[in-house]
Structure formats: structure tokens, C-alpha cells
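Here is what each chain is made of, one letter per residue.
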Amino acid sequence: MADPRCHVIVIPYPAQGHINPLLQFAKRLASKGVKATFATTPYTVNSIHAPNVGVEPISDGFDEGGFKQSSGVEAYLESFKTVGSRTLTELILKFNASGFPVTCIVYDSLLTWAVDVAKQLGIYAAVFLTNSASVCSMYWQIDQGLLTLPVKQETVPVSLPGLPSLDFYELPSFLASPTTHSAYLETILQKFHSLDKNDWVFCNSFEELEIELVRAMRGLWPVVMVGPTLPSAYLDQQIDGDTAYGASLWEQTTDQCLRWLDTKPPDSVIYVSFGSMADISAKQVEEIAWGLEVSNWPFLWVIKDSENKLPVDFISSVGETGIVVAWCNQLEVLAHQAVGCFVTHCGWNSTLEGLSLGVPMVGVTQWSDQPTNAKFIEELWKVGVRAKKDEEGIVRRQELEKCIREVMVGERSEEMKNKASKWRDLAKAAVGLGGSSDTKINQFVLKLLDEKK
Ligand code: UDX
């Protein structure tokens, strides 16, 4: 039963890689007796299924969706700021009049305006960071004037507190080439600039995973690690019967995938997915296709526009060896015992999911934080390898085949599997009762309740 003294509204940026961690966090709060409401755009609201969490629409000004075609990210965020501030305020006032007054807003860090709504209404604000703490610390250093942009190729490797030294190609792409996605970079830097306005700064990671950084930043910045935000069933804690993220923006073919996986031996399948946003070129898709074919392991490949991009004779050529689907429940697939390797773009959610479910990885990165995540996967956490790109920026079939072989049966294969199991156990412990992340979430809830006594 939710405590009416403690009502948190959680607001995601309406993309799959943001809805997942934020919704999961809302569910975690609900499991601790907090009344949690998930406020998202009208065109994503029907995709949300979470029994203990209320779901309400707030508008970004594009109620039919379609903003990606009609506007750039800057115009989109500006629209969300204007219309979102208004509709969020209306929603909170509605709750305040209904006997469930809102105590706190937890919002995706891309929605920097939400903190102003909270402050105007005199309630708490908590920003939720969806990248690793290490990547966030780089943006924070820029805001603090400790790292200067553009990072020049001649000034690398870059040495920053708590991080391994980073080569140019290992930096988040927004830092390596700040003009290519300047609107994204500006938005990101803005959120770090306004960090101090918040009462809490949460990050979807756990202390044990980024312990050097946690030690180096202790007392310097306010970030609190509360992840990984996975359904508890995947962390072996049936505390709340929570078995799915509860949000999918595309139709899933999970049953077909699981039935097919059931026919494969343990640790034999290569699962390939590049998340929800990456737009993989037709050339890269072709190289991945033939790389998988020559690898000769069974594979399950998630690709949304396969009909336009897959080589015409690929499906007939691989026959029963592999299946290609448009979308699945990634957690269920990664948790299946048949999966032995995850070929991933290293988006932060996918990285955390691979680590938390103990699956070794091959990184085929695209942009944003992914090159940095891939470096950590290979060098720091030692649970995988990075595929090298050629001068055209393509991972060729031979390189992919070599990486898959290294992970599946190479000299370091056992070490990667052991490390993957170790991180899985540490992730479970962090969110388990009394673990580092669980403790931080309890402190947050207690503070909210305390204020209302
Ligand atoms: C992006 C960025 O890449 C990421 O680094 C950032 O932190 C958030 O926004 P995205 O590219 O979609 O996200 O990748 P990722 O972060 O890996 O998130 C993808 C999500 O979609 C994961 O939670 C994954 O479980 C889910 N997914 C993916 C599915 O549910 N089904 C699929 O078939 C593929």
C-alpha cells in the first residue's frame, strides 16, 4: 500500500533507452511503499505496463509522435520544455488537490526544465543520469573548467580523476568531435551546469562497478549510484514479482526467440543488437551479416529494418543457424542460458544489462558514450573485446569473426566468463536488500517520509 505522504513523479525522455531505467526506478520506489507516478508523452503512455505505478500523460508538443522527422533535437527539447513545463505543472496541481500531493520529481537529465517546475511548486527535485558515472564525470569536468573543449588529438591520452587514461577514439564522441552533434553536447553540458539546483543526483550505475571514480570524486560532486535499474526477477530477488521492464515501444517477438533459444546448447548463441537509436549503415549491416555467417555459431540478431539492409541471399545462406527479428525483450534473451556472447553497440543500458546478466560482450560502437563504455568493457571490467574499425569506420567481417572467436573460445574466453559472473554477482548484491544502491534508495525514501512527519 502506497504511503500518501510520499508521492514521486518520474519523467523519462521518451526514448526506449531512457524509459527503461526511469520506469524501473519508479517501480523500485513503488516496491518501497512510495506512491510512484510515471509521466510520459501521450504517444508512449500506452506502451507502459507497470501494475504498481500510475501512468499519466504530459505533453512534449508532439502528441501524435513524429518529432524526429519534423524537428531537430534542439527544437524538440525546446518544445518539450515549453509544453512539458505547463502540462507537468497542471498534473502536479491536479494531484495536490486530490489528496496525493506530489513530494518530489525524478526526471531524466535531458529534461533540465523539470527542476524549475519543482522549485516553483516548492517540492524536491532529483535528476536521473542515464550514462555511466565515468562518462558523466567527463562532462562534469568540462563544466568545472577542468577539461577544455575541443579535446585535441595531440593532447591525448586524457587523464582524469578516477579514470584510466583515454585515447582520442575512446572519448565520448561528443567530446572527440564537439561540432558534429553540437546540440546534444550543449544539452548535456547544460544539465551538468544545473546539477546543483537538484536535491539529489542519481546515476544508473553501482559503486562497485566504478569504484575508482567513486573514490576520486568523493566529496567533489553530488552523484548517488542507485543502479542497475533492472527488474528484480533478473537479479534473483523475487521481492515484488517484477519480471519485465514494462515498456516496449515496438512489438516484440520474444516467444519465438525463446523457443528458438531453447533448442540451442548453453553458451552457444551470439545475440546481436544495437539498441533503439543506432542507424547502422547498409555497408556495416552487410559486414556483420557475413561476419556472423563465417563465425558459424547460432545467432539471434535484432534489426529493425532488415528488409532494406540485409544482403538478399543472407537468410537463405544461413538457414537454421540464425534468426533475425525486429525487436525482442532483450533482458529475457540475455538471461537465457543458450546465450554465450552479446555483440552490442555498448549503449549504457545494454552494457549494464550484459554485465548484470553475466554475458561476455563484443563492442561494435556507434557514437555518444559507447566508445568509452566499450573501453571499460574490454580493459577495466575485462568482460569482452572491442571490434576495430577500418579507415572507413566499418567493422569488417573478418574482425567481427575474430572478436566473436576470442570471446567464445579464445585464450581469454574463460577469464571473460569468470569476470562476467563476478560483475553479475556484484550487480545483484548492489540492488539486493542492504546493498550499496538499495541503501541509497532507502535513504532517499526515508528523507521524503521524514519531511512529511
Ligand atoms: C541510448 C544510448 O545509446 C545510451 O548510451 C544512453 O545511455 C541512452 O540512450 P540506446 O541506443 O537505445 O540508448 O541503447 P541502450 O542504452 O543500450 O538501450 C536500449 C534498450 O532497449 C535496452 O534497455 C534494451 O534492453 C532495450 N532493447 C533493445 C529491447 O528491449 N529489445 C531489443 O530488441 C533491443
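No experiment lies behind these values; they were computed from the predicted model shown.

The rules behind the values
Residues numbered from 1 in each chain as written. Predicted model: local features only at pLDDT ≥ 70, side-chain atom pairs only at ≥ 80, totals over all residues. Heavy atoms only, no water. Helix = DSSP H or I, 4+ residues; strand = E, 2+ residues; numbered from the N terminus. Buried < 20%, exposed > 50% of the residue type's maximum accessible area, 1.4 Å probe, protein only. Pairing = 2+ DSSP bridges. Axes fitted to C-alpha atoms, helices over the stretch in contact; angles between N-to-C directions. Phe/Tyr/Trp six-rings, centres within 6.5 Å; stacked < 30°, edge-to-face > 60°. Lys NZ or Arg CZ within 6 Å of the ring centre and 35° of its normal. Expected span 1.5 Å × (residues − 1). Contact = heavy atoms within 4.5 Å. Parallel < 35°, antiparallel > 145°, perpendicular 65-115°, else oblique. Nonpolar A, V, L, I, M, F, W, Y, C, P; charged D, E, K, R; others polar. UniProt positions renumbered as here; feature names shortened; annotations may be inferred. Domains from an automatic or database assignment. Buried area = accessible area lost by both parts, 1.4 Å probe. Salt bridge = Lys/Arg side-chain N within 4 Å of Asp/Glu carboxyl O. Near = heavy atom within 4 Å. Polar contact = N/O pair within 3.5 Å; in protein donor to acceptor, adjacent residues only side chain to side chain. Areas by Shrake-Rupley, 256 points an atom, 1.4 Å probe, with all protein chains shown as cover. 1 Å grid on protein atoms, 1.4 Å probe; cavity = no way out; pocket = protein on both sides within 12 Å on 5 of 7 lines; lining within 4 Å. Sits in = over half its atoms within 2 Å of the grid points. pLDDT = per-residue confidence, 0-100.

## Section: the environment of Lys428
- Take Lys428: it is sitting in helix α18 (residues 413-431).
- A residue is classified by how much of its surface remains accessible, and Lys428, at 17% relative accessible area, is buried.
- Between the C-alpha atoms of Lys428 and Glu379, which are 49 residues apart in sequence, the distance is 22 Å.

## Observations regarding the sheet that holds strand β4 (residues 104-108)
- With parallel pairing, seven strands are arranged side by side in an open sheet as β3-β2-β1-β4-β5-β6-β7. Strands with a single pairing partner mark the edges of an open sheet, and in this sheet they are β3 (53-57) and β7 (223-225). Ignoring strand direction, the axes of neighbouring strands in this sheet form an average angle of 25°.
- Sheet topology note: the β4/strand β5 (residues 124-129) ladder contains five bridges and is parallel. Across the sheet, residue Tyr107 finds its bridge partner in β5, namely Val127.

## Let's talk about the packing of aromatic side chains
- Within this structure, the stated rule accounts for 21 aromatic pairs.
- With a centroid separation of 5.9 Å and 45° between ring planes, the pair formed by Phe62 and Tyr76 is classed as tilted. Taken together, the positions of Phe62 in the loop between β3 and α3 (67-70) and Tyr76 in helix α4 (residues 73-96) put the pair 14 residues apart, joining distant regions of the chain.
- Given the relative accessible area of 18%, Phe62 is considered buried.
- Each member of the aromatic cluster is reached from another via a ring pair, and the members are Phe25, Tyr124, Phe128, Trp200, Phe202 and Phe444.
- Above the ring of Phe95, the side-chain terminus of Lys94 is found at 5.6 Å from the ring centroid.
- Here the basic side chain of Lys304 rests over the ring of Trp250, its NZ or CZ set 4.4 Å away from the ring centre.

## Re helix α8 (residues 182-193)
- End to end, α8 covers 16 Å across twelve residues, agreeing with the expected 16 Å (1.5 Å per residue, within 8%).
- For α8, the full list of buried residues reads Ala183, Leu185, Thr187, Ile188, Leu189, Lys191 and Phe192.
- Buried residues along α8 sit against α4, β5, α6 (133-143) and α7 (173-176).

## Brief notes about the packing of helix α17 (residues 397-409) against α18
- Contact pair α17 / α18: the axes reach a minimum separation of 6 Å and the direction vectors enclose 70°. Taken together, α17 and α18 sit at an angle that is classed as roughly perpendicular. Residues Glu406, Val407, Met408 and Val409 of α17 form the contact with α18, whose own contacting residues are Ser413, Met416 and Lys417.
- Here the residues of the contact of α17 with α18 are counted per class, giving four nonpolar, one polar and two charged.

## Re the UniProt feature "domain: Glycosyltransferase N-terminal" (unreviewed entry) in the chain
- Those residues carrying the UniProt feature "domain: Glycosyltransferase N-terminal" (unreviewed entry) are residues 7-46 in this numbering.
- A helix fraction of 50% and a strand fraction of 30% characterise residues 7-46, whose end C-alpha atoms lie 22 Å from each other.

## Things to note about the domain arrangement of the chain
- Structurally, the chain comprises domain 1 (7-245 + 432-450) and domain 2 (253-427).
- Summarising the inter-unit geometry, the C-alpha centres of domain 1 and domain 2 are found 26 Å apart.
- Taken together, the contacts link 34 residues of domain 1 with 29 residues of domain 2.
- Summed over both partners, the interface of domain 1 with domain 2 comes to about 2700 Å²; 66% of that surface belongs to carbon and sulfur atoms.
- Among the residues of domain 1 in contact with domain 2, Glu170, Leu209 and Tyr234 are the three that bury the most area, contributing 24% of the side total.
- Inspection of the domain 1/domain 2 interface yields two salt bridges.
- Salt-bridge contacts for Lys375 lead to Glu170; the nearest nitrogen and oxygen are separated by 3.1 Å.

## A word on the site of the ligand
- Surrounding the ligand, one finds 24 residues, the nearest of these being Ser276, Cys328, Ser350, Glu353 and Asp369.
- A distance of 2.6 Å separates a nitrogen atom of the ligand from a polar atom in the backbone of Cys328.
- Protein contacts shield 97% of the accessible area of the ligand, which totals 660 Å² for the unbound molecule.
- For the ligand, the cavity whose grid points lie within 2 Å of the majority of its atoms is the largest pocket.
- Classifying every residue of the shell around the ligand by side-chain character gives seven nonpolar, 15 polar and two charged.

## A word on the confidence of the model for the chain
- This prediction gives the chain a mean pLDDT of 92; 96% of its residues lie at or above 70.
- Reported confidence for the predicted complex is 0.97 by ipTM and 0.96 by pTM.

## As for unusual backbone geometry
- Between Gly227 and Pro228 the backbone carries a cis peptide bond, its omega angle lying at 0°.
- Looking at the element boundaries, Pro228 is found in the loop between β7 and α10 (254-262).
- Positive phi outside glycine occurs at Cys346, with the angle close to 70°.
- Here Cys346 shows up in the loop between β11 (339-344) and α15 (348-356).
- Among the residues examined, Cys346 registers a relative accessible area of 0% and is labelled buried.

## Overview of α15
- When you tally the buried positions in α15, you get nine out of nine residues, the bulk of the element.
- Inspection of α15 places Trp348, Asn349, Ser350, Thr351, Leu352, Glu353, Gly354, Leu355 and Ser356 among the buried residues, and these make up the whole buried set.
- Close packing links the buried residues of α15 with α1 (16-31), α14 (330-335), β11, β12 (361-363), α16 (370-380) and α18.
- Positive phi shows up at Gly358, right after α15, with a value of about 70°.

## Digging into the environment of Ser132
- Among the secondary structure elements, Ser132 is positioned in the loop between β5 and α6.
- Given a relative accessible area of 3%, Ser132 falls into the buried group.
- The spacing of Ser132 and Lys32 is 100 residues in sequence and 25 Å in space, taken between C-alpha atoms.
- Look past the residues within four positions of Ser132 in its chain and what remains in contact with it is Cys203, Glu210, Trp348 and Asn373.
- Here Val135 takes part through its backbone nitrogen, which lies 3.0 Å from a polar atom of the side chain of Ser132.

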